[in-house]
Amino acid sequence: MKLTRRIFVQLVGSAAFIASSPLLKAQGLSVKRLPLPCSPSQGKWIGTTCQGCTQYCAIEIFNQNGRATRVRGNQNSKGNHGFCCPRGHLIPQENYDPDRIKQPLKRTNPQKGRGVDPKWVPISWDEALDIVADKMIELRNSGEPERLLYLKGRYGNTSHGLLYGTLTKVYGSPNNFSTSALCAETEKMGPGYTQGLFSYRDYDLGNTKCVVFWGTDPFSSNRQVPNVISKLGVLQKNGTLITVDPRLSTAAAKSKEWLPILPGTDGALANAIAHVLLTEGLWHKEFVGDFENGKNLFVSGKTVDPALFKENNTLGLVTYWNEEAKDWTPERAAKECRLDAEQIKRVARTLGKAAPNVIVWMGPGVCMNPRGTYTAMVVHALNGILGSVDNVGGTHDPAKSLKGSYPSADKYVDELAKSHGKGKKVDGRGDKEMPAAMKAKLGSGVVTNNIANYMLSHPDFVKIMISSWTNTPFAAADGKRWEKALANVPFFVHMVPFPSEMTQFADIVLPSTFNAAEGMGTVTGFGSMHAWTSIQQPTCNRIWDVKQEENEVTWLLAEKLVQKGWPALLNYYANEFADPETGAKPTNEKEFQLITTKIASAPCWKQGAKAIPGDQINGWEDFRQKGMHNSAPQAYKKHWGGKFPTPSGKFEFVSGALRKVLEDHSAKYNSTPDQILEACHYTARGIKGWMPHYEEPLRHGDAAQFPFLFIDHKSRLNREGRSANLPWMQEFKKCDAGDRSWGDVLKINPADAKTLGLKDNDLVEITSPAGTIVTEIKVWEGVGPGTVAKAYGQGHWAYGQVAAKEYGKVPRGGNNNEILIDDYDRLSGTSCRNGGFTRVSIKKVSKII
Ligand SMILES: Nc1nc2c(c(=O)[nH]1)N[C@H]1C(S)=C(S)[C@@H](COP(=O)(O)OP(=O)(O)OC[C@H]3O[C@@H](n4cnc5c(=O)[nH]c(N)nc54)[C@H](O)[C@@H]3O)O[C@H]1N2
Ligand SMILES: Nc1nc2c(c(=O)[nH]1)N[C@H]1C(S)=C(S)[C@@H](COP(=O)(O)OP(=O)(O)OC[C@H]3O[C@@H](n4cnc5c(=O)[nH]c(N)nc54)[C@H](O)[C@@H]3O)O[C@H]1N2
Ligand code: SF4
Ligand SMILES: [Mo]
């Protein structure tokens, strides 16, 4: 970079600014990046929210003559410090993607399937909603409203309350679902069943001395990318970074220690680290407690009398030692995990020395496998042993964001809706082999991927399916089941901006706003010890005939339903919702959109009797202007002293809640907890069923036929499954270590490549018991022998002209979900993708041009 006078002045100015700002120093920022003017045109930055991943960053988009041209983090944000990650910068190209759906479409080809042209014809919104309303009325009149299924993907707070929350309730169907169980829900079981926190965690990165990135790569994915990138300097300066990942991820490359673990064996490693911490007296005494006479009785292989250990904030540490950790020497784990015992000891000691200012950042790589609940528990349990829970530089509950709730719809639920809306959901939650006990409640977790199985075994059940912001045929493991299931649905309405694989099965396509740039609503998120409520508002002119499904289409549909003789939904919207400032009731979709957004955000800007915690915002206009509200920072040691939301009030190594879940579930099915564990494919029996422990990985496919363990990982530029149609994403795809632009590669260890006679660019078939995909080979030292890694994200056969080689037919690269097996961690109901649970074979094929 040439040091021009302007940049020089900026650098000098920003250095002075940093020197005077302890906050920025703590964040490790070296240069305050200043927005460059967009010359020659003038414009303005408008606050909104990125939904390129579940971080939901508050951002700003530069509006230039009505066009969204540039993106940056919201300058007020305490979560991203004014930065967005590389994916935030893709927003303009996504917004102006020429392949967007530009007006409502109606299918004219009754045949449905991959490669089948839907023969869509454009229709007006009026006509489209007329058709949808007719179908809905017809189904209600037939007395079977439960046969309407609504599936939501991403959402803002308005959709959560309106579409997911009340549409099906007022209509009379129990079958409203989210796609959360395709995401990373098993993670929540770790903190959930140990400390009562069924949630993703926050981390006090600014004060930590040691972080273990375990089965996650937060420099390129996971939930805090801009925050983590901005803190890299401070993290490296203040302490040690450690990464546990079978693949050389960005985090691994930035870390002092990389443990290239054999997929699926993380529980053994956690046990060995615990073993070292306990035998060497490195546990955090203040949090955990100590032996009464002060002498460390944790001796490798020897049980300890629990009566001799006095616990402070934990319950059952000695039981965990006796039942599990005492036998897991670093040498034994090294063999199981294909690691070096000396490295395991070194890492454990580094952690122990830095405790309690340490973070074990557990991610999906640890637990998105068929026995993941227990791996999540045993890896997260290290935070308990190290006393980092709720501590300075440790792991935390997310702070609370402020959000308003919508008025109750109860009055508008008629007899039909009442009697049909309470029926059993079709995702199998709560079945004997699917406890789905999220939040320590049986049957409370969604089992998204199992919906397709129900639809296949009951092909006539679903009469109407409505879905927004989803693409399950692409995003769900063994997604071809979704293609078949959707082909059976007689009437499917997809509410999306892009013509994805799922859209190819739609009868009516309702084109949505691209919410980050064109939507209106609120979204909440957390990170960097704060939570936020961030607005979405139009940052540019809409150039196509699109509407937001959350709060515009809902109203317009409700109006149509009135015309057809069913006024309940519109009555609910028009009677119950009122502007929190003026009290005015909505009379059209635009007013409804504004009012629902104001209600959802009112606690951030409307001063009641109590002061607003966190940022002080002076009314709605000020909120719109600032674009967001930051909460107060999270407090330390919130749950210490018996205040954890667990049965004992402590951090539990013997989980009272999980024990109750297993006992209740077995009573329901007239069996025993051991029989339930067996039915759910876990190996634990007895007390281990409710304790953190290691289970041998469950792998699909015969080892002789499918010799390689498949490692799936996220792509740095993937806005979930939604950026593959962007030339910027394709052009910069090589920023994923080992990958290349405009392509898709299977990364294989040089030793294996040699054995198979493979070299770079060779074309191979990757086959698992579920299917086959074809990609090129990249010979790479970043994966161990016997394992192969491939980024998720390519392999679209639809979505647009760039994402697919031939739109509607031929994919660009291969979709990992065509080879991943449809299996679950059954205690949570979550789909699997990590831990090497799918074995594959690799076969060279001749070049296809
Ligand atoms: N193999 C493998 N599979 C995975 C993953 C993986 O890492 N590997 N990741 C998993 C995870 S963590 C998740 S969360 C899921 C995500 O899976 P999904 O929730 O299915 O997400 P996407 O594939 O991103 O959804 C794409 C859809 O969103 C629509 N869309 C995009 N922007 C908007 C908008 O502003 N408004 C509306 N209404 N629609 C919009 C697009 O048109 C498209 O239909 O995928 C999972 N699948
Ligand atoms: N760039 C990008 N970032 C995203 C998203 C995105 O689409 N793109 N989506 C967001 C969403 S919805 C989610 S849920 C999060 C999740 O994002 P991440 O936390 O990154 O989770 P995964 O994508 O599942 O990544 C799994 C990681 O675990 C490693 N891994 C695989 N098997 C094992 C194993 O057996 N043991 C260990 N230790 N590691 C293993 C993989 O190499 C990979 O690095 O990311 C969010 N952030
Ligand atoms: S993609 Fe995620 S981390 Fe990146 S700017 Fe958007 S919300 Fe933030
Ligand atoms: Mo996710």
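Just so you know, the residues in each chain are numbered from 1, in the order the chain's sequence is written. Written order determines the labels here, with chains lettered from A and ligands numbered from 1. Note on the predicted model: pLDDT of at least 70 is required for a residue's local features to be given, and 80 or more for side-chain atom pairs to be given and counted; whole-chain, interface and lining totals, by contrast, use all residues. To obtain the side-chain values, all non-hydrogen atoms of the structure were used and water was disregarded.

Student: Could you give an account of the overall build of the chain, naming the residues involved and the relevant values?
Tutor: Only DSSP runs of H or I covering at least 4 residues are called helices, and only runs of E covering at least 2 are called strands; the numbering of each starts at the N terminus. The secondary structure content of the chain amounts to 28 helices and 33 strands. Here the globule rule is a power law, 2.2 Å times the number of residues to the power 0.38, and the radius of gyration is based on C-alpha atoms. Against the 2.2 N^0.38 benchmark of 29 Å for 849 residues, the chain shows a C-alpha radius of gyration of 27 Å, consistent with a compact globule. Projected onto its principal axes, the C-alpha positions of the chain cover 80 × 65 × 60 Å. Looking at the chain residue by residue over its 849 residues, the buried ones come to 63%. Should any heavy atoms of two residues lie within 4.5 Å, those residues are counted as being in contact. Partitioning the contacts of the chain with sequence separation of at least 6, the portion at a separation of at least 24 is 70%. Counting every atom, the chain has about 30100 Å² of accessible surface; 53% of that belongs to carbon and sulfur. Burial classification: accessible surface area is computed with a 1.4 Å probe over protein chains only, and a residue below 20% of its type maximum counts as buried, one above 50% as exposed, and the rest as partly exposed. In this description, accessible areas are obtained by the Shrake-Rupley approach with a 1.4 Å probe, and a residue is regarded as covered only by the protein chains that are shown.

Student: Describe in detail the confidence of the model for the chain, supporting the description with residues and values.
Tutor: Detailed reading of the predicted model is not advised wherever pLDDT is low. Mean pLDDT for the chain: 94, with 95% of residues reaching 70 or above. Scored from 0 to 100, pLDDT reflects the predictor's confidence in each residue. Helix α2 (residues 22-27) is the least confidently modelled element of the chain, averaging 38 in pLDDT, while helix α9 (residues 266-279) averages 99, the highest of any element. In the model, residues 1-31 has pLDDT below 50 throughout and makes 31 contacts with residues more than four positions away in sequence or in other chains.

Student: For the state of the cysteines, give the residues involved together with the corresponding values.
Tutor: When the sulfur atoms of two cysteines come within 2.5 Å, that pair is taken as a disulfide. If you walk through the whole model with that rule in mind, you get zero disulfides. Distance from the sulfur of Cys735, which forms no disulfide, to the nearest cysteine sulfur (Cys85) is 10 Å.

Student: Account for the packing of aromatic side chains, with residues named and values stated.
Tutor: Two rings from Phe, Tyr or Trp (for Trp, the six-membered ring) form a pair when their centres sit within 6.5 Å of each other. Planes less than 30 degrees apart are called stacked, planes more than 60 degrees apart edge-to-face, and all others tilted. One pass over the full model with this rule turns up 36 aromatic pairs. Aromatic side chains Trp283 and Phe291 sit 6.1 Å apart centroid to centroid with 80° between the ring planes, which places their arrangement in the edge-to-face category. Residue classification places Phe291 among the buried residues on the basis of a relative accessible area of 3%. Taken together, a centroid distance of 6.4 Å and an interplanar angle of 85° make the contact between Phe644 and Phe651 edge-to-face. Across this residue pair, the class does not change: Phe644 and Phe651 are buried. Aromatic ring contacts, followed pair by pair, group Tyr406, Tyr412, Trp555, Tyr572, Tyr573, Phe577 and Phe592 into a single cluster.

Student: Please give an account of the site of ligand 2 that cites residues and values.
Tutor: Proximity is defined per residue: any heavy atom of the residue falling within 4 Å of a molecule or strand makes that residue near it. Close to ligand 2 lie 35 residues, the nearest being Ser221, Asn222, Asp245, Asp266 and Asn718. Side-chain atoms alone can form a polar contact between residues adjacent in sequence; in general such a contact is a pair of N or O atoms within 3.5 Å, and within protein one must be able to donate a hydrogen while the other accepts it. At 2.4 Å from an oxygen atom of ligand 2 is found a side-chain nitrogen or oxygen belonging to Ser221. The separation between an oxygen atom of ligand 2 and a polar main-chain atom of Glu720 is 2.9 Å. Taken by itself ligand 2 offers 910 Å² of open surface, and the protein chains cover 98% of this. Elements with a contribution of two residues or more to the shell around ligand 2: α14 (364-367) and β24 (708-713). Of all the elements, β24 adds the most residues to the shell around ligand 2, at three residues. In the shell around ligand 2, the residues fall into ten nonpolar, 13 polar and twelve charged. Composition of the shell around ligand 2 by domain shows at least three residues from each of domain 1 (186-398) and domain 2 (708-844). Gly counts as polar in this scheme, as do all residues outside two lists: the nonpolar Ala, Val, Leu, Ile, Met, Phe, Trp, Tyr, Cys and Pro, and the charged Asp, Glu, Lys and Arg. An automatic or database domain assignment is the source of the domain bounds shown.

Student: Provide a residue-level description of unusual backbone geometry, including the pertinent values.
Tutor: The omega angle of the peptide bond from Ala355 to Pro356 is 5°, so this bond is cis rather than trans. One can find Pro356 in the loop between α13 (341-354) and β15 (358-362). Even without being a glycine, Lys119 presents a positive backbone phi close to 50°. Among the residues examined, Lys119 registers a relative accessible area of 47% and is labelled partly exposed.

Student: Break down the environment of Lys78 for me, citing the residues and quoting the values.
Tutor: Among the secondary structure elements, Lys78 is positioned in the loop between β3 (67-73) and α3 (91-95). Accessibility expressed as a relative area gives 33% for Lys78, which makes it partly exposed. As a C-alpha pair, Lys78 and Pro633 span 555 residues in sequence and 9.2 Å in three-dimensional space. Discounting chain neighbours no more than four positions away, the residues touching Lys78 are Gly527, Ser528, His530, Asp615 and Asn630.

Student: Explain the pattern of salt bridges to me, and be specific about the residues and the numbers.
Tutor: By definition here, a salt bridge exists when the distance from a side-chain nitrogen of Lys or Arg to a carboxyl oxygen of Asp or Glu is within 4 Å. A complete count under the given rule lists 50 salt bridges for this structure. Across the salt bridge formed by Asp823 and Arg826, the nearest N and O atoms sit 3.4 Å from each other. Accessibility classification places Asp823 together with Arg826 in one group, the buried group. Salt bridges here are not isolated pairs; linked through shared partners, they connect Asp126, Asp130, Asp134, Lys560 and Lys564.

Student: Kindly report on the nonpolar core, identifying the contributing residues and their values.
Tutor: Here, nonpolar core means buried Ala, Val, Leu, Ile, Met, Phe, Trp, Tyr and Cys residues that are tied together by side-chain atoms lying within 4.5 Å of each other. Counting residues in hydrophobic clusters, the biggest one holds 78 residues, and the most contacted among them are Trp214, Leu269, Ile273, Phe298, Leu382 and Ile385. Here the element with the most residues in this core is α9; it accounts for nine residues. Among residues more than four places away in sequence, those in contact with Ile385 are Ala274, Leu277, Leu278, Trp283, His284, Val288, Leu317, Tyr320 and Phe653. Residues Tyr150, Val170, Trp555 and Leu569 belong to the second largest nonpolar core, which totals 43 residues.

Student: Lay out the side chain of Arg833 with the relevant residues and their values.
Tutor: Relative to the elements of secondary structure, Arg833 occurs in the loop between β32 (830-831) and β33 (839-845). In this structure Arg833 is buried but unpaired, with Asp712 as the nearest side chain of opposite charge at 4.5 Å. In terms of polar contacts, Arg833 uses its side chain to reach the backbone carbonyl oxygen of Leu182, at 3.2 Å. If sequence neighbours within four positions are ignored, Arg833 has contacts with Leu182, Cys183, Ala184, Pro364, Met368, Asp712, Lys714 and Leu820. Counting rule applied: Lys, Arg positive; Asp, Glu negative; His and chain ends not counted.

Student: Describe the packing of helix α5 (residues 157-171) against helix α21 (residues 549-563), and please don't skip the residues or the numbers.
Tutor: Contact pair α5 / α21: the axes reach a minimum separation of 9 Å and the direction vectors enclose 35°. In this structure, α5 contributes Thr158, Ser159, Leu162 and Leu163 to the contact, and α21 contributes Glu549, Glu550, Asn551 and Thr554. Throughout, an axis means a line fitted to C-alpha atoms (over the contacting stretch in the case of helices), and angles, computed between N-to-C directions, take values from 0 to 180 degrees.

Student: So, the domain arrangement of the chain: which residues are in play, and what are the values?
Tutor: Under the domain assignment, the chain is made up of domain 1 (186-398) and domain 2 (708-844). The straight-line distance from the C-alpha centre of domain 1 to that of domain 2 is 29 Å. Taken together, the contacts link 23 residues of domain 1 with 27 residues of domain 2. A 1.4 Å probe defines the accessible area here, and the buried area is the portion of it lost by two parts on being joined, summed over both. Both faces considered, domain 1 and domain 2 share a buried interface measuring about 1900 Å² in area, 59% of it formed by carbon and sulfur atoms. For domain 1, the biggest contributors to the area lost against domain 2 are Arg247, Met368 and Pro370; these three give 32% of the whole. Remark: the boundary between domain 1 and domain 2 carries zero salt bridges. Put simply, the parts of the chain that give the side of domain 1 that touches domain 2 at least two residues each are α14 and α15 (372-385).

Student: I'd like a description of the side chain of Thr597, backed by residues and values.
Tutor: You can see Thr597 is positioned in helix α23 (residues 589-605). Look at Thr597 and you get buried, because its relative accessible area is 0%. With residues up to four places along the chain from it excluded, the contact list for Thr597 reads Thr158, Tyr406, Met520, Gly521, Thr522, Asn551 and Trp620.

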